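# Architecture at a glance
Letter by letter, the chains look like this.
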Amino acid sequence: MDINYILEQSGIPLLLTAIAIYYAVRLLVFKDYETVRGRGKDAPKDIDAYCKNAGLVIIFFAISTLVMAVLVLFNPVIGFAQILICTIIMVVLWKKLTDKYS
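Here the structure is a predicted model, which is why all the values come from computation and not from measurement. (Residues numbered from 1 in each chain as written. Predicted model: local features only at pLDDT ≥ 70, side-chain atom pairs only at ≥ 80, totals over all residues. Heavy atoms only, no water.)

Attention now goes to the confidence of the model for the chain. For the chain, per-residue confidence averages 95 on the pLDDT scale, and residues scoring 70 or more make up 100% of the total. Of all the helices and strands in the chain, helix H2 (residues 34–37) carries the lowest mean pLDDT, 91, while helix H3 (residues 47–74) carries the highest, 97. (pLDDT = per-residue confidence, 0-100. Helix = DSSP H or I, 4+ residues; strand = E, 2+ residues; numbered from the N terminus.)

This next bit is on the packing of helix H1 (residues 3–28) against H3. Contact geometry for H1 and H3: axes closest at 8 Å, N-to-C directions at 170°. Here H1 lies roughly antiparallel to H3, going by the angle between them. Of the residues in the contact of H1 with H3, the class split is 23 nonpolar, 5 polar and 1 charged. (Axes fitted to C-alpha atoms, helices over the stretch in contact; angles between N-to-C directions. Parallel < 35°, antiparallel > 145°, perpendicular 65-115°, else oblique. Nonpolar A, V, L, I, M, F, W, Y, C, P; charged D, E, K, R; others polar.)

Now for the packing of aromatic side chains. Aromatic ring pairs: the centre-centre distance and the angle between the two ring planes describe each pair. As enumerated under the stated definition, the model contains 2 aromatic pairs in all. A centroid spacing of 5.2 Å and a plane angle of 75° characterise the contact between Tyr22 and Tyr23, whose relative ring orientation is edge-to-face. By relative accessible area, which is 31% here, Tyr23 ends up partly exposed. Ring centres 6.1 Å apart and planes at 80° place the aromatic pair Tyr50 and Tyr101 in the edge-to-face group. (Phe/Tyr/Trp six-rings, centres within 6.5 Å; stacked < 30°, edge-to-face > 60°. Buried < 20%, exposed > 50% of the residue type's maximum accessible area, 1.4 Å probe, protein only.)

Turning to its location among the elements, Met90 is positioned in helix H4 (residues 76–101). Note on Met90: relative accessible area 19%, which makes it buried. In this structure, the C-alpha to C-alpha distance between Met90 and Leu16, residues 74 residues apart in sequence, is 15 Å. Excluding anything up to four places from it in sequence, Met90 contacts Val57, Phe60 and Phe61. (Contact = heavy atoms within 4.5 Å.)

The following block contains the structure:
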């Protein structure tokens, strides 16, 4: 396995991991909830708790995409199944989060 093979197989998941970490930092460090809610939407009930929980959900997704990037190198089907399951989990967690703080 050389660097070209790794980037061919895992380049997009690694990029997605970096993007997810960026948004998690925006939420957890800067408390910038508007980056994920939109500028025209109302503020959540508890901004600090919303930012913390949303940041943790996004970190979960970042870790999931990083694991997928590794799994794809060995078996693409397992990597796809793993990210599909983790995406469904993230959607459920995000729905609970928005219902709780909206």
